[in-house]
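An overview of the molecular structure
These are the residues of each chain, in order.
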Amino acid sequence: MIPADAGKPEDGRFKATESLLTAIDRNKKELDGRCPLTEGELERLTEEFVIGYTYNSNAMEGNTLTLRETDMVLRGLTIDRKPLKDHMEAVGHKEAFDFVRDLVKDQVPLSESIIKQIYCLVLADKREDRGVYRRVPVRIMGAKYEPMRL
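Note that the structure is a prediction, hence the values are computed from the model and not measured. (Residues numbered from 1 in each chain as written. Predicted model: local features only at pLDDT ≥ 70, side-chain atom pairs only at ≥ 80, totals over all residues. Heavy atoms only, no water.)

Turning next to helix α4 (residues 84-105). Residues three or four positions apart in an α-helix share a direction because the helix packs 3.6 residues into each turn. Over its 22 residues, α4 runs 32 Å from end to end, which matches the ideal 32 Å to within 8%, given 1.5 Å per residue. Taken together, the buried positions of α4 are Asp86, His87, Glu89, Ala90, Gly92, His93, Ala96, Phe97 and Leu103. In this structure, the buried residues of α4 make contact with α2 (39-60), α3 (67-74) and α5 (112-122). Positive phi appears at Gln107, one or two residues downstream of α4, with a value of about 55°. (Helix = DSSP H or I, 4+ residues; strand = E, 2+ residues; numbered from the N terminus. Expected span 1.5 Å × (residues − 1). Buried < 20%, exposed > 50% of the residue type's maximum accessible area, 1.4 Å probe, protein only. Contact = heavy atoms within 4.5 Å.)

Shown next as structure tokens:
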């Protein structure tokens, strides 16, 4: 039995002691001090970002691949006992990211057609939804923002 006067246990989660903007400024200053980055460093940072971004984006949609499995899939491997759908989502997401990087490099203006092309890549596993605006309302769990429905 817990005593009535027992204190609340400490929350073990990370707590920032500085504001997010202060942390961003500090990190930016540190990164600027390391510039210019070598080609290898840029490649490694980009690879880490793509793997993490792909994993987190797909996990929000219910993808069951772990971070390590996502990395392996993006390197061309398949994961035993994981749905093909999860593999396709990861590959499609990375292809969309690479496509957007190329668009930015070539300074291609953003248009509805470009957005639909990106969406087609992201939805590699859902042929019937490619290039079609969502027709049902969706919610992002834990977020105040509610996506628009067209």
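Attention now goes to the nonpolar core. Counting eight residues, the largest nonpolar core consists of Val50, Ile51, Leu65, Val73, Leu74, Ile79, Ala90 and Phe97. Within the residue set of this core, elements represented by two or more residues are α2, α3 and α4. Those residues in contact with Ile51, other than ones at most four positions away along the chain, are Leu67, Thr70, Asp71, Leu74 and Arg75. (Core = buried A, V, L, I, M, F, W, Y, C linked by side-chain atoms within 4.5 Å.)

Turning to the pattern of salt bridges, a few remarks are in order. Enumeration according to the criterion identifies eleven salt bridges in this entry. Among the ionic pairs, Lys85 bridges to Asp86, the shortest N-O distance being 2.9 Å. What makes Asp86 buried here is its relative accessible area of 1%. (Salt bridge = Lys/Arg side-chain N within 4 Å of Asp/Glu carboxyl O.)

Time to look at a nonpolar patch on the surface. Side chains of Leu20, Leu21 and Ile24 sit close together on the surface and give an oily, nonpolar patch of about 350 Å² of accessible area. Within the secondary structure, Leu21 is located in helix α1 (residues 20-33). Since its relative accessible area comes to 63%, Leu21 is described here as exposed. (Patch = residues over 30% accessible without salt bridge, like charges linked within 9 Å, V, L, I, M, F, W, Y side chains within 5 Å. Areas by Shrake-Rupley, 256 points an atom, 1.4 Å probe, with all protein chains shown as cover.)

The tally for this structure, following the rule as stated, stands at three aromatic pairs. Judged by centre distance (5.4 Å) and plane angle (15°), the rings of Phe49 and Tyr53 are stacked. Remark: Tyr53 and Phe49 occur in helix α2; sequence separation between them is four residues, near one turn of the helix. The partly exposed category is assigned to Phe49, whose relative accessible area is 46%. Put simply, the rings of Phe49, Tyr53 and Phe97 touch in pairs and so form one group of aromatic residues. (Phe/Tyr/Trp six-rings, centres within 6.5 Å; stacked < 30°, edge-to-face > 60°.)

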